[in-house]
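Examination of the molecular architecture
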Amino acid sequence: HAVIKTCCMKRICRGCSVAALKRGMLDCAFCRTPMKPDNDDDNKLGKIRTRVKKKDPEAIDLLAQKYCNGELGLQKDMQRAVELWT
């Protein structure tokens, strides 16, 4: 049970994330980017695409999953998902 931080594409377990917040750590535990609410799908998608352009394998996999499942406002596109995975 982990979440992916879209700023640096690192996974952190939910418990560690909650513990960091309780200690007053309001930025990313990995890259120290100030955390903003990620409720906006366009914002999340933009961060993921930025990391994809930098050839980040975690970001590429995550974007492929989003295309496969039709999440973050993307239309379900298995062909695009497979292109990203291969």
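Just so you know, the residues in each chain are numbered from 1, in the order the chain's sequence is written. Local features in this predicted model are restricted to residues whose pLDDT is 70 or higher, and side-chain atom pairs enter the listing and the counts only when it is 80 or higher, whereas totals over whole chains, interfaces and linings include all residues. Values reported for side chains reflect all heavy atoms of the structure, with hydrogen atoms and water molecules removed beforehand.

1. Quick look at helix α3 (residues 57-69)
- Helix and strand definitions here come from DSSP, where helices need a minimum of 4 consecutive H or I residues and strands a minimum of 2 consecutive E residues; each element is numbered from the N-terminal end. Every helix has an expected span of 1.5 Å times one less than the residues it contains. Compared with an ideal rise of 1.5 Å per residue, which puts 13 residues at 18 Å, α3 spans 18 Å between its outermost C-alpha atoms and is within 8% of the ideal.
- Burial classes follow relative accessibility: with a 1.4 Å probe on protein chains only, a residue under 20% of its type's maximum area counts as buried, one over 50% as exposed, and anything between as partly exposed. The complete set of buried residues in α3 reads Ala59, Leu62, Leu63, Ala64, Lys66, Tyr67 and Cys68.
- Residues of α3 that are buried make contact with β1 (2-5), α2 (41-53) and α4 (78-85).
- The backbone nitrogen of Glu58 lies 2.9 Å from a side-chain oxygen of the residue at the head of α3, namely Asp56.
- Backbone geometry just downstream of α3 places Gly70 in the positive-phi region, at approximately 70°. The contact criterion used is simple: two residues touch if any of their non-hydrogen atoms lie within 4.5 Å. Polar contacts here mean pairs of N or O atoms no more than 3.5 Å apart (in protein, one a potential hydrogen donor and the other a potential acceptor; neighbouring residues in sequence count only if both atoms are side-chain atoms).

2. Some details on a nonpolar patch on the surface
- The patches described consist of residues with a relative accessible area above 30% and no salt bridge, like charges being joined within 9 Å and nonpolar side chains (Val, Leu, Ile, Met, Phe, Trp, Tyr) within 5 Å. To be clear on the numbers: accessible area is Shrake-Rupley with a 1.4 Å probe, and residue cover counts the displayed protein chains and nothing else. Put simply, a salt bridge is a Lys or Arg side-chain nitrogen that is within 4 Å of an Asp or Glu carboxyl oxygen. Taken together, the side chains of Met78, Val82 and Trp85 present a nonpolar region at the surface, about 280 Å² in accessible area.
- Of the residues examined, Trp85 reaches a relative accessible area of 41% and is grouped as partly exposed.

3. Examining unusual backbone geometry
- The phi torsion at Met9 lies on the positive side, around 65°, for a residue other than glycine.
- Positionally, Met9 belongs in the loop between β1 and β2 (10-13).
- Positive phi, close to 65°, is recorded for Lys55, a residue that is not glycine.
- Here Lys55 is to be found in the loop between α2 and α3.
- By relative accessible area, which is 66% here, Lys55 ends up exposed.

4. Concerning the confidence of the model for the protein
- Known as pLDDT, the predictor's confidence for each residue is given on a scale from 0 to 100. Residues of the protein with pLDDT of at least 70 account for 97%, and the chain-wide mean is 89.
- When pLDDT is averaged over each element of the protein, α4 comes out on top at 96 and β1 at the bottom at 85.

5. Here we look at the nonpolar core
- Counting 14 residues, the largest nonpolar core has Ile48, Leu63 and Tyr67 as its most contacted members.
- Only α2, α3 and α4 provide two or more residues apiece to this core.
- Leaving out residues up to four positions away in the same chain, Ile48 has contacts with Thr6, Met9, Ala59, Leu62, Leu63 and Leu72. In these notes, a set of buried Ala, Val, Leu, Ile, Met, Phe, Trp, Tyr and Cys residues joined through side-chain atoms within 4.5 Å is what counts as a nonpolar core.

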